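Observations on the three-dimensional arrangement
Here's the letter readout for the chains.
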Amino acid sequence: MWLISTVSWKWTKHGLIYFHSYTMGLLQISLALGIFCASSVVGFGVDPALRINLFDELTLGQGFDGVTQVQGFHGESRAFHFQGSSREVKAPAELSKQMVHKLRGKSEFTVLVTVKQEHLNSGVILSIHHSEQRFLELESSGQRSEVRLHYRTKGQQAHTEVFPYSLADDQWHKVSVAISASHVILHVDCNRIYERVVEVPYMNIPEDASVWLGQRNAAHGFFKGVMQDVEIVVMPQGYISQCPDLNRTCPTCNDFHGLVQKIMELQDVLAKTSSKLSRAEEKMNGLDGCYCERTCTVKGVVYREDEGWTDGCRNCTCTNGTVQCEAITCPPPQCPATTAPAYVKGSCCMECQPVCLFGGRELVEGDRKAVRDSAGRCLLFECRDRNMHRVVPSEPCPELNCPESEQITLNDRCCKVCRGHDFCSEGHGCVEHSDCVNLEAGDCCVCKDGFRPLREDNAYCEDIDECAEGKHYCRENTMCVNTPGSFMCICHTGYIRIDDYSCTDIDECADGFVECDSKSTCVNLPGWYHCECRDGYHDNGLFSANGESCVDINECKTGRNTCANDTVCFNLDGGYDCRCPHGHNCTGDCIHDNKVKHSGQIWVLDSDRCSVCSCQAGQVMCRRMVCDCDNPNADLFCCPECDPRLSSQCLHQNGLLTYSSGDTWVENCQQCQCLQGQVDCWPLPCPPVDCEFTVVPEGECCPRCVTDPCLADTIRNDITKTCTDEHNISRFSGSSWIKHGTECTLCQCKNGHICCSVDPMCL
């Protein structure tokens, strides 16, 4: 799509005025995109600068436990067998940085691998992640027969695209996942299996991200089997390098997005030019905007922007209306002779003070010392101006109301005190977040709970951020919030408090908050719920929240019944019945997998050895095998919960909990299961939403429809629905710009609606 713009100018009494017009022809899109076709993939060779060969980069076979070189699918490259769960195939930091650099910011690339995965293994083929954020991860689940692509969207949301397909069958497969902007294509054995439109991946990967092969990290997601030719190709239609005979489509989705982006950039240039001219005209008319300075108020004192001050042992600055403070670092004082370092009232760091020599000891300015002469009289001296001066008491010592055995003689005064005397009440130097504590012969400063000292005498203390330092006890489903001297564990939305440190999901289906239609059943999810159609019913496409849209499935019309030839299928509400016509003697047999099963016959499914079926009066009834863990001959494949071996237990992601084989749990909007020592997690099912604007509330897992596009974090962008900005320039849906006359107001076009907010980068 090309932008054709004409601009005209003229002088008026209001200054320089300009007019512009432009047209955008959709016909030119096809012509422009055709240009890209010739340069998409030239030949079957790939520029080495565009290819990341994981085996070559990691130099596999050199020092990686649990990885051995074996015969591969072909003999043109090396293949490696990944086994066990005590391996760490991770790229070194510098190597990870180089690989991430090739991928960073790219919107078109393909992950290629040739695999032979063990039966029922659920493992990660490749993972690029930073902390808990997975930027690119390819996973194959043999337990659920799924291929999963994990990544982060441009909206900074974690996303998992699930492709139902079984790779874990102990057979060789060529696999490629090609990403082109919002387009994902899965090829298996050079056959196009899935082609989908998804949310655009966010590929601004941090430089210190980790790159793992054959596992998610050191504890989870271990792939078991053989891998060969594990590569990332940063180019359009990279799957052609694996399967050269595939037809090449032209152009790619990324080509189209690139052209749209260029048009948006041209629109932005035009808008900025318009904005500059408008501001120039305003200045010519003397209409400069007002400047509003944000100030900070601390302890009744107002500070201006960028103004700094010292608050105790912290240097503070007023920045954009917010007080920012840093602890003062005190260098060790280099004191000359006849001086010594000492704390001075009102100053944070030690300062060099003159000293007095008295009785072989050094005393600093203001220190007092009591001594007794030969007659037993108490004499009090004070250090002033490098000399000890005698202090004459102005009044006699007060009479003590305690026995002599409870009276204490002090070094800095002549008057005795009773044991337990309140020295703190006489005045102390404990200043910020510090308490004065009485000792037997004096006092000292102690930081309050939740604070730590800024200097060695504990006179100044600062708050400990338990949340940032991981010194809190907040558990699942909570968010740690720092408070002065402590912290709070706030429940995520949709959860209720158990105690001060943990929260649990509100089971809307059980506390009685939800009433689902009789044709549906309530399914509880973390922070949310939905009414799911019962067996024998399906949704009519309206997807009502309470299940009213569930309607009966006519098994007789759809052929989803097992009635034999000598019986007639009768549809029932939520099911069907096999009836014998009047005057006939029916066998009651069933048809299952195109085979006749006699009435009363019981058999195990060929495709699932853990399911038992029976034929009863023309209907096939199947159920999972009943597990009896007291039976020593229990089939551990079908009954993993009966597996008592320690090797079949799984460690929770946090490393603190242990699960037995067969246990399930919910973690980060995923359903997880332990199966004979392996953890497999998949996205929680969410009810379908058929709306233009959706949002996932904090603490919840599933999107909800919203009518206000400005509240939505996900929209179905339709570039035919444009917005007109303040300069009468048309903006595509998905484009953003800074509003005229402001520096921090960011506006976005969302399917014909303009939404403006303060740019978080300005805060």
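Just above sits the structure.
Here we summarise the structure given alongside this text.

What counts and what doesn't
Residues numbered from 1 in each chain as written. Predicted model: local features only at pLDDT ≥ 70, side-chain atom pairs only at ≥ 80, totals over all residues. Heavy atoms only, no water. Disulfide = S-S within 2.5 Å. Helix = DSSP H or I, 4+ residues; strand = E, 2+ residues; numbered from the N terminus. Buried < 20%, exposed > 50% of the residue type's maximum accessible area, 1.4 Å probe, protein only. Contact = heavy atoms within 4.5 Å. Phe/Tyr/Trp six-rings, centres within 6.5 Å; stacked < 30°, edge-to-face > 60°. Lys NZ or Arg CZ within 6 Å of the ring centre and 35° of its normal. Polar contact = N/O pair within 3.5 Å; in protein donor to acceptor, adjacent residues only side chain to side chain. Arc of directions from axis to C-beta. Pairing = 2+ DSSP bridges. Patch = residues over 30% accessible without salt bridge, like charges linked within 9 Å, V, L, I, M, F, W, Y side chains within 5 Å. Areas by Shrake-Rupley, 256 points an atom, 1.4 Å probe, with all protein chains shown as cover. Salt bridge = Lys/Arg side-chain N within 4 Å of Asp/Glu carboxyl O. Axes fitted to C-alpha atoms, helices over the stretch in contact; angles between N-to-C directions. Core = buried A, V, L, I, M, F, W, Y, C linked by side-chain atoms within 4.5 Å.

Notes on the state of the cysteines
Tallied over the entire structure, the rule returns 33 disulfides. The partner cysteine of Cys563 in its disulfide is Cys578, sulfur to sulfur 2.0 Å. Taking the sign of the S-S torsion, -85° for the link of Cys563 and Cys578, the bridge is left-handed. Taken together, the residues Cys563 in the loop between α6 (555-558) and β41 (568-572) and Cys578 in strand β42 (residues 575-579) connect sequence positions 15 residues apart. Classification of Cys563 as buried rests on a relative accessible area of 11%. Here Cys672 pairs with Cys681 through a disulfide, and the sulfurs are 2.1 Å apart.

Topic: unusual backbone geometry
Of note in the backbone geometry, Leu120 takes a positive phi value of approximately 65° without being a glycine. If you trace the backbone, Leu120 turns up in the loop between β6 (108-117) and β7 (122-130). A relative accessible area of 29% places Leu120 in the partly exposed class. For Gln237, which is not a glycine, the phi torsion comes out positive at approximately 50°.

Looking at the environment of Ser77
Along the chain, Ser77 turns up in the loop between β4 (67-70) and β5 (79-82). Sequence separation between Ser77 and Phe55 is 22 residues, and the spatial gap between their C-alpha atoms is 9.6 Å. Once you skip the residues sitting within four places of it in the chain, Ser77 turns out to touch Gln228 and Asp229.

Considerations on the packing of aromatic side chains
One pair of aromatic rings is described through two measures. These are the centre distance and the angle between the planes. The final tally for this structure, using the stated rule, is ten aromatic pairs. Ring centres 6.3 Å apart and planes at 80° place the aromatic pair Phe82 and Phe223 in the edge-to-face group. Here Phe82 is found in strand β5, whereas its partner Phe223 is found in the loop between β14 (210-213) and β15 (225-233), with 141 residues between them in sequence. Comparing Phe82 with Phe223 shows no difference in burial state: the two are buried. Counting every residue linked through ring pairs, the aromatic cluster contains Tyr473, Phe487 and Tyr501. For Arg455, the ring lying beneath its charged end belongs to Tyr343, and the centroid distance is 3.8 Å. Here Arg579 stacks its cationic end above the ring of Phe570, 4.5 Å away from the centre of that ring.

A closer look at the side chain of His129
Considering the arrangement of structural elements, one finds His129 in strand β7. Among the polar contacts listed, one links the side chain of His129 to the side chain of Ser127, at a separation of 2.9 Å. Leaving out residues up to four positions away in the same chain, His129 has contacts with Arg134, Phe135, Ala209, Ser210, Trp212 and Arg216.

Things to note about helix α3 (residues 93-103)
Looking at α3, one finds that the buried residues are Leu95, Ser96, Met99, Val100 and Leu103. Taken end-on, α3 shows its buried residues confined to a sector of 130°, consistent with a single buried face. Projecting away from the buried face of α3 at angles above 90 degrees are the exposed residues Glu94 and His101. The first or second residue beyond α3 is Gly105, which carries a positive phi of 75°.

Comments concerning the pairing of β15
For β15, the tally of buried residues reaches nine of nine residues, placing the bulk of the element in the interior. Pairing analysis gives three bridges linking strand β3 (residues 51-53) to β15, with the strands arranged antiparallel. Counted as the bridge partner of Asn53 is Glu231 from β15. Where β5 and β15 come together, four bridges link them in antiparallel fashion. In the sheet register, Phe82 faces β15, and the bridge partner there is Gly225.

Description of a nonpolar patch on the surface
Where nonpolar side chains cluster on the molecular surface, the patch consists of Met479, Val481, Met488 and Ile490 and spans about 300 Å² of accessible area. Within the secondary structure, Ile490 sits in strand β34 (residues 486-491).

Comments concerning the sheet that holds strand β19 (residues 314-319)
Strand order in the open sheet made by the three strands is β18-β19-β20, with antiparallel pairing throughout. Sheet topology places β18 (308-311) and β20 (322-327) at the edges, where each strand pairs with a single neighbour. Taking each pair of neighbouring strands and ignoring which way they run, the sheet shows an average axis angle of 30°.

Section: the nonpolar core
Ranked by size, the top nonpolar core spans 47 residues in total, and within it Leu60, Phe82, Leu103, Leu213, Met227 and Ile232 carry the most contacts. Each residue touching Leu103, except ones within four places of it in the same chain, is listed here: Ile52, Phe109, Ile128, Leu136, Met203, Ile205, Ile232 and Val234. Cys348, Cys430, Leu454 and Ala459 belong to the second-largest nonpolar core, a separate cluster that totals nine residues.

Considerations on the sheet that holds strand β22 (residues 351-358)
Pairing within the open sheet is antiparallel, and its three strands lie in the order β21-β22-β23. A single partner strand is all that each edge strand has here, and the edge strands are β21 (339-342) and β23 (361-364). The mean inter-strand angle of the sheet, taken between neighbouring strand axes irrespective of direction, is 50°. One ladder, built from four bridges, connects β22 with β23; its direction is antiparallel.

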